[in-house]
Amino acid sequence: MDRDKILLTPGPLTTTLRTKLAMLKDWGSWDADFNAVTASVRKSLLAVVHGAGSHVVVPLQGSGTFSVEAAVATVVPRDGHVLVLDNGAYCKRAARLTSLMGRRCTLMPFDESQPVSPMAVADKLGADPSVTHVILIHCETGAGVLNPLREIADLCEKHGKGLIVDAMSSFGALDIDARETRFDALVAASGKCLEGVPGMGFVVIRKAILEACAGNSQSLAMDLVDQYIYMEKTTQWRFTPPTHVVVALHEAIAQFEAEGGQPARLARYTRNCETLVRGMAALGFKPFLDAAVQAPIIVTFHAPADPRYDFTAFYAAARARGFILYPGKLTTVDTFRVGCIGAIGPHEMEQAVHAIALTLQDMGIASGAPAS
Ligand SMILES: *Cc1c(COP(=O)(O)O)cnc(C)c1O
């Protein structure tokens, strides 16, 4: 049937009809109408984290990782030393791109089922004065863990370290307040909790550090200072903008604001997450994380112990019923993931659980319970 499947994935995700319809128009990249949309989007994004006056928003073409890479290259001097707090796959990706750009990088490993420990980070920062910057992933989408942004930001401030935050899967849903939480750069993208379509990222940069960042980046296209200066001067993007993505994000932000902004989005995602976990528990499934450290963004479930379980077949059967699941990303445990974000509510989550129940029946699996 010609009907969109529900995406239970952490981006791209299900968008509203209004957001999709916003893309049915051509825009000139130099045109004043389009540039007004860009300006409005930048202003709204800044307001989400209460950064007016103290911070700027610099958008960048590409998927979210492009913006993480651009933020590191722009903010960290070439002789800087970055400490990556590592409790999952996206942390390892941030470390890899940092090294590839020639910055010294140290990984500080943590268990992927736990938030990073501020106490351990305090010890490390006290013991190694060569560290200049810290990278924290706010919500580690690999397992779905919520990391303690405020505590790590306070530590970085206390020890005089720069902080780069990958807030890709939390921006717009979890509370981030730039008035209280000090960061140098905070990165997110169009196609996550703001419920736009994928294709652009953006970096919230603290004004106080902006000038000193000039010349850090070894990349032309990903130099955020250059992008910022050009945009301020001309109102235009430096190179061809993803016009349809920008107007879709503009429309998605209008709906975000009408819904009640970040608190309302968090409330809806929290209901989604609760509905999912409760429904799955009734089928025997067990979440990988303790509820206390679970962000309401994406839930990792243990694979069922039943020998008839196979993710590929499970995925295909759920897909045939209209729901797109996500594979697990953990190194040691067999899991799969279900996203709670996107233009969906508890009703869709109930339907998803029902589809999964029927999928288990199809596969002859009596229970989703993992090996004990
Ligand atoms: C989605 C995501 C990214 C960006 O991934 P892309 O595939 O480049 O969009 C980065 N970090 C986290 C934590 C994410 O969830």
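Model, not experiment: these values are computed from the prediction.

Quick notes on the site of the ligand
As a matter of local geometry, the ligand sits amid Ser 63, Gly 64, Thr 65, Tyr 90, Arg 93, Ile 137, Cys 139, Thr 141, Asp 166, Met 168, Ser 169 and Lys 192. Note that a nitrogen atom of the ligand is positioned 2.6 Å from one of the side-chain N or O atoms of Asp 166. Measuring from an oxygen atom of the ligand, one finds a side-chain N or O atom of Lys 192 at 2.9 Å. For the ligand, the protein covers 84% of the area, taking 390 Å² as the surface of the free molecule. Elements represented by at least two residues in the shell around the ligand include exactly helix H3 (64-75) and helix H4 (89-100). Residue composition of the shell around the ligand, by class: four nonpolar, five polar and three charged.

Quick word on the sheet that holds strand S11 (residues 298-302)
The strand order S11-S14-S13 describes an open sheet built from three strands, whose pairing is antiparallel. Of all the strands in the sheet, the pair left with one neighbour each is S11 and strand S13 (326-327). Inspection of the sheet shows S13 paired to strand S14 (residues 335-339) by two bridges, in the antiparallel sense. Bridging from a neighbouring strand, Pro 327 pairs with Phe 336 of S14. Helix H10 (residues 261-282) contacts S11 and S14 of the sheet and is inclined by roughly 10° relative to S11.

Quick look at the domain arrangement of the protein chain
Domain annotation for the protein chain reports domain 1 (6-10 + 260-363) and domain 2 (17-258). For domain 1 versus domain 2, the separation of C-alpha centres amounts to 27 Å. On the domain 2 side, the residues contacting the 27 residues of domain 1 number 27 residues. Counting the surface lost from both domain 1 and domain 2, the interface buries some 2100 Å², and carbon and sulfur atoms represent 55% of this. The largest share of the area that domain 1 buries against domain 2 comes from Gln 262, Arg 265 and Lys 329, three residues that together contribute 27% of it. A salt bridge links Arg 268 to Glu 195; its shortest N-O distance comes to 2.9 Å. Our count for the contact surface shared by domain 1 and domain 2 stands at 16 residue pairs in polar contact (both at pLDDT 80 or more). Mapped onto the side of domain 1 that touches domain 2, the elements with two or more residues apiece are H10 and S11. Among the elements that make up the side of domain 1 that touches domain 2, the one with the highest residue count is H10 (six residues). Taken together, the residues that form the side of domain 1 that touches domain 2 break down as 14 nonpolar, eight polar and five charged.

With respect to a nonpolar patch on the surface
Nonpolar side chains collect at one region of the surface, where Leu 17, Leu 21 and Leu 24 lie side by side and expose about 350 Å² of accessible area between them. Since its relative accessible area comes to 58%, Leu 17 is described here as exposed.

A short note on the pairing of strand S4 (residues 104-109)
One ladder, built from six bridges, connects strand S3 (residues 81-86) with S4; its direction is parallel. From the neighbouring strand, Asp 86 faces S4, where its bridge partner is Pro 109. For the handedness criterion, the β-α-β arrangement of S3, H4 and S4 is classed as right-handed.

The rules behind these values
- Residues numbered from 1 in each chain as written.
- Predicted model: local features only at pLDDT ≥ 70, side-chain atom pairs only at ≥ 80, totals over all residues.
- Heavy atoms only, no water.
- Near = heavy atom within 4 Å.
- Polar contact = N/O pair within 3.5 Å; in protein donor to acceptor, adjacent residues only side chain to side chain.
- Areas by Shrake-Rupley, 256 points an atom, 1.4 Å probe, with all protein chains shown as cover.
- Helix = DSSP H or I, 4+ residues; strand = E, 2+ residues; numbered from the N terminus.
- Nonpolar A, V, L, I, M, F, W, Y, C, P; charged D, E, K, R; others polar.
- Pairing = 2+ DSSP bridges.
- Contact = heavy atoms within 4.5 Å.
- Axes fitted to C-alpha atoms, helices over the stretch in contact; angles between N-to-C directions.
- Domains from an automatic or database assignment.
- Buried area = accessible area lost by both parts, 1.4 Å probe.
- Salt bridge = Lys/Arg side-chain N within 4 Å of Asp/Glu carboxyl O.
- Patch = residues over 30% accessible without salt bridge, like charges linked within 9 Å, V, L, I, M, F, W, Y side chains within 5 Å.
- Buried < 20%, exposed > 50% of the residue type's maximum accessible area, 1.4 Å probe, protein only.
- Right-handed = clockwise from strand over helix to strand, strands pointing away.

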